[in-house]
Amino acid sequence: MLESAAAWGAGCALAWGLSDVIARFAGRSVGVLVATGTMMTIGAAMIAGIMAATGVPFDWRLDGIHWLFGIGAGTVIGSLLFYHAITHGPVSLASPVVACYPAIAVPISVALGARPDPLHWGAMVATMGGVWLVARATATGDRAEPEYAPAVIRRTILYALIAAATFAASLTAADHAVEIYGPLQTVLVVRLIGLVGIGAILLARRERVRLPVRAWPILAAFGLLDTLGHLLLYTGLDLPNGEYAIVASVGYTVVTVVLARIFLREPVSPLQWGGVAMVVGGVGILAAFG
C-alpha cells in the first residue's frame, strides 16, 4: 500500500480537502496574509521535526536551488490568491477551479517544447469545460450572501485561475526538486522560502500581526493539514508511476465541495457536481496518460 503513488495521492486529497475548508475560517479570523504565514511557519516546524526525529540529513547541494525558489514563489503567489478566493468567495467554486491546474500544465508544457497528443488536448478541454460549468452554475444562483455577489464571483474565478496556473508551474518544478532533495527537504525549504516572502509582504505593508488565542486551534490544523498534503503528494511523486499521485490528489476538490455543502451550507447543484466530475475525470486522464 505504501508503495502505491495513488495511495499517497489519496491521502493528499483528504488532507487538502479538510485544509481548504479550514482555510476559510483561518483567513477570516486573522486575515489571509497572517493565516498563510502561520501555516508556513507551522509546516516548516513540522517537517524540521520529522527530519530530526528520523535522522534524515539536510542536503546542501545547490544545483537544484532554482527549482526550490521556483516552487516557493509559486506556492506563495498561488496560496495567497487561492486562500483569498476561499475566504471571500464560495469554497465550492474556488476549489474546483484551482483543481484544474494539471490541465493548465498542458500549454505550459507546449511552451517548453512538448507536443501533447489529441488525447491530452481533449482532456484539457474537458477539464476546463468542467470549470466553466461550476463557474456558470455558481454565478447563476440566487443566494443573497455577500460571497455570492457578481463582483465577488468574478474575482473568485480570476484569483482561482491564476492560482491554478502558478500551482501548475510549481508542480513541474517540484518533480525536479524531489528527485534531487527528496520530499521532506523540498517541502521544508519551500515552506521557509514562502515564510520569508510572506514576512517581506507584511513588513512592506506594515500590517499588524494578531493571533488571538481562539484562532490557534484553527491555524494549527490549517498548517498541519496543508503541509501534510504537500508531503504526501511529493512522496507519491517520488515513487514509480508518480503521476498517479496527481490523479488521486485532485480528488481533494470532491472532499472540499462535500464539506462546504455540509458545514458551510453552500448549495451545490447537479450542474456543479457534473462540472466537478469533469474536472476530476479530465485531470485523471491527463495524469494517467501523460
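Residues numbered from 1 in each chain as written. Predicted model: local features only at pLDDT ≥ 70, side-chain atom pairs only at ≥ 80, totals over all residues. Heavy atoms only, no water.

Focus on the overall build of the chain
Working step 1: Across its full length, the chain carries eleven helices and zero strands.
Working step 2: Listing every helix and strand of the chain by position from the N terminus yields α-α-α-α-α-α-α-α-α-α-α.
Working step 3: Taking 290 residues into account, the globule formula puts the C-alpha radius of gyration at 19 Å, and the chain, at 18 Å, falls close to it.
Working step 4: Reported as C-alpha extents along the three principal axes, the dimensions of the chain are approximately 55 × 50 × 35 Å.
Working step 5: Sorting the 290 residues of the chain into buried and exposed places 52% on the buried side. (Helix = DSSP H or I, 4+ residues; strand = E, 2+ residues; numbered from the N terminus. Rg over C-alpha atoms; globule rule 2.2 N^0.38 Å. Buried < 20%, exposed > 50% of the residue type's maximum accessible area, 1.4 Å probe, protein only.)

Structural notes on unusual backbone geometry
Working step 1: A positive phi angle, near 60 degrees, is found at Arg265, a position not held by glycine.
Working step 2: Inspection of the secondary structure puts Arg265 in the loop between helix H10 (252-263) and helix H11 (270-288).
Working step 3: Judged by relative accessible area, which is 61%, Arg265 ranks as exposed.

Let's talk about the packing of helix H7 (residues 150-205) against helix H8 (residues 216-237)
Between two packed helices, the angle of one axis relative to the other and the distance separating the axes together describe the packing.
Working step 1: It is the contact of H7 with H8, at a shortest axis distance of 9 Å, that shows an interaxial angle of 140 degrees. Relative to H8, H7 is oriented oblique. In terms of crossing hand, the pair formed by H7 and H8 is left-handed. Residues Leu171, Ala174, Asp175, Val178, Pro183, Leu184, Thr186, Val187 and Arg191 of H7 form the contact with H8, whose participating residues are Asp226, Thr227, His230, Leu231, Leu233, Tyr234, Thr235 and Leu237.
Working step 2: Looking at the contact of H7 with H8, its residues break down into ten nonpolar, four polar and three charged. (Axes fitted to C-alpha atoms, helices over the stretch in contact; angles between N-to-C directions. Parallel < 35°, antiparallel > 145°, perpendicular 65-115°, else oblique. Left-handed = near helix turned anticlockwise from the far one by under 90°. Contact = heavy atoms within 4.5 Å. Nonpolar A, V, L, I, M, F, W, Y, C, P; charged D, E, K, R; others polar.)

Some details on the environment of Val56
Working step 1: Topologically, Val56 is positioned in the loop between helix H2 (32-54) and helix H3 (65-88).
Working step 2: Each C-alpha atom of the pair Val56 and Gly182 lies 9.9 Å from the other, and the pair is 126 residues apart in sequence.
Working step 3: Residues within four places of Val56 in sequence aside, it is in contact with Met51 and Leu184.

What to know about the side chain of Glu266
Working step 1: Structurally, Glu266 is set in the loop between H10 and H11.
Working step 2: A distance of 2.7 Å separates a polar atom in the side chain of Glu266 from a polar atom in the side chain of Ser92. (Polar contact = N/O pair within 3.5 Å; in protein donor to acceptor, adjacent residues only side chain to side chain.)

Section: the side chain of Ser19
Working step 1: The residue Ser19 is located in helix H1 (residues 5-30) in this model.
Working step 2: When residues no more than four places from it in sequence are discounted, the contact partners of Ser19 are Phe222, Leu225 and Asp226.

Quick look at helix H6 (residues 118-139)
Working step 1: Taking 1.5 Å per residue, 22 residues should reach 32 Å; H6 reaches 31 Å between its end C-alpha atoms and fits that length.
Working step 2: Every buried residue belonging to H6 is among His120, Ala123, Met124, Thr127, Gly130, Val131, Leu133, Val134, Ala135, Ala137 and Thr138, and all of these are buried. (Expected span 1.5 Å × (residues − 1).)

Quick look at the environment of Gln272
Working step 1: Residue position: Gln272 is located in helix H11.
Working step 2: With a relative accessible area of 5%, Gln272 lands in the buried category.
Working step 3: Beyond its immediate sequence surroundings of up to four residues, Gln272 is in contact with Ser92, Val134, Ala137, Thr138 and Pro267.

Quick word on H7
Working step 1: Between the first and last C-alpha of H7 there are merely 28 Å, a value that for 56 residues lags more than 12% behind the 82 Å anticipated at 1.5 Å per step.
Working step 2: At Gly182, H7 shows its maximal bend, which comes to roughly 110 degrees, and the proline Pro183 appears one to four places after that position.
Working step 3: Phi for Arg206, located one or two positions after H7, is positive at around 55 degrees. (Bend = angle between axes of the 7 residues up to and from the residue.)

A closer look at a nonpolar patch on the surface
Working step 1: There is a patch of nonpolar side chains on the surface, built from Val254, Val258, Ile262, Phe263 and Trp273 and spanning about 440 Å² of accessible area.
Working step 2: Relative to the assigned elements, Ile262 resides in helix H10. (Patch = residues over 30% accessible without salt bridge, like charges linked within 9 Å, V, L, I, M, F, W, Y side chains within 5 Å. Areas by Shrake-Rupley, 256 points an atom, 1.4 Å probe, with all protein chains shown as cover. Salt bridge = Lys/Arg side-chain N within 4 Å of Asp/Glu carboxyl O.)

Details of the state of the cysteines
Working step 1: Throughout the structure, instances matching the rule amount to zero disulfides.
Working step 2: Among the cysteines around Cys12, which has no disulfide bond, Cys100 carries the closest sulfur, lying 16 Å off.
Working step 3: For Cys100, a relative accessible area of 0% translates into the label buried. (Disulfide = S-S within 2.5 Å.)

A short note on the nonpolar core
Working step 1: Formed by 81 residues in total, the largest nonpolar core has its most connected members in Phe82, Tyr101, Phe222, Leu233 and Tyr234.
Working step 2: Looking at this core, the element that brings in the most residues is H7, giving 21 residues.
Working step 3: Other than its neighbours up to four places away in sequence, Phe222 contacts Ser19, Ile22, Ala23, Ala26, Ala35, Met39 and Tyr83. (Core = buried A, V, L, I, M, F, W, Y, C linked by side-chain atoms within 4.5 Å.)

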